[in-house]
Amino acid sequence: MTRPEPGLAHGWCALSALHGRIETHIERALQAEHALSVREFSVLDVLSEQHDGEGGHFRMAQLADAVVLSQSATTRLVTRLEDRGLLARYLCPTDRRGIYTDVTEAGLALLEQARPTNDHALREALDAAGRRPELAPLVAAVRGLEQAQAAAQAVQPAQEDGAAAPAPVAVG
């Protein structure tokens, strides 16, 4: 029996392997340096981006979606972080049924300490994976996304300062 689209299956296996290698490497570094798991770091990171404007706070379902966990696993994780004094929950002021979660000062301080560890471990894991022929194209794609985001961020301040937006480039 032949496999349909073996390239697709191989690509998925390579992506899964890359993800697993990166997550394991970052997990070890965050645990050793900051007693944080990758998931805990992700929750703190996502919640640190909240703001008081429209749609600026995550409900538990939105947080679960953002960190790719079930709602029950997210609730347990938030409870653990709250017990450590890194998060605080409060009722939504406009909808008493909603519960929001904010990062505490201690959580923000730990996140700022852990970010360089996370970034360094990510770069190390990508460097190691990039030396594997089956993972090198995926690593190149991830690094391409990083470069594209950096370029977009460089353009954004110029646009906010009133500079003209770059002209669209014709392709083809």
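This text goes with the structure placed above it.
In this convention, every chain numbers its residues from 1, walking through the sequence in written order. In keeping with the predicted nature of the model, local features appear solely for residues at pLDDT of at least 70, side-chain atom pairs appear and are counted solely at 80 or more, and the whole-chain, interface and lining totals rest on all residues. Computation of side-chain values: all heavy atoms of the structure, hydrogens and water removed.

A. Examining helix α4 (residues 71-83) more closely. An ideal rise of 1.5 Å per residue puts 18 Å on 13 residues; α4 measures up with 18 Å between its terminal C-alpha atoms. Turning to α4, its buried residues are Ala73, Thr74, Leu77, Val78 and Leu81. Angularly, the buried residues of α4 cover 135 degrees about the axis, an arc narrow enough to put them on a single face. Only heavy atoms matter for contacts: two residues are in contact if any of them lie within 4.5 Å across the pair. Strands are runs of DSSP state E lasting at least 2 residues, helices are runs of H or I lasting at least 4, and numbering of each runs from the N terminus. Contact partners of the buried residues in α4: α2 (38-48), α3 (60-67), β1 (87-91) and β2 (99-103). Two residues or fewer after α4 comes Gly85, characterised by a positive phi angle close to 80 degrees. By definition here, a helix of n residues has an expected span of 1.5 Å times n minus one. Each residue gets one of three labels from its accessible area relative to the maximum for its type: buried under 20%, exposed over 50%, partly exposed in between, using a 1.4 Å probe on protein chains only. As used here, the arc belongs to the directions running from the helix axis to the C-beta atoms.

B. Local environment of the nonpolar core. Leu18, Leu30, Leu36, Val43, Leu44, Leu63 and Leu87 are the most contacted members of the largest nonpolar core, which totals 30 residues. Of all the secondary structure elements, the ones that give two or more residues to this core are α1 (6-34), α2, α3, α4 and α5 (105-130). In this structure, Leu18 is in contact with Leu126, Ala129, Leu135, Leu138 and Val139, ignoring residues within four places of it in sequence. In this text, buried Ala, Val, Leu, Ile, Met, Phe, Trp, Tyr and Cys residues form a nonpolar core when linked through side-chain atoms within 4.5 Å.

Everything listed here is a matter of geometry and, on its own, says nothing about what the molecule does.
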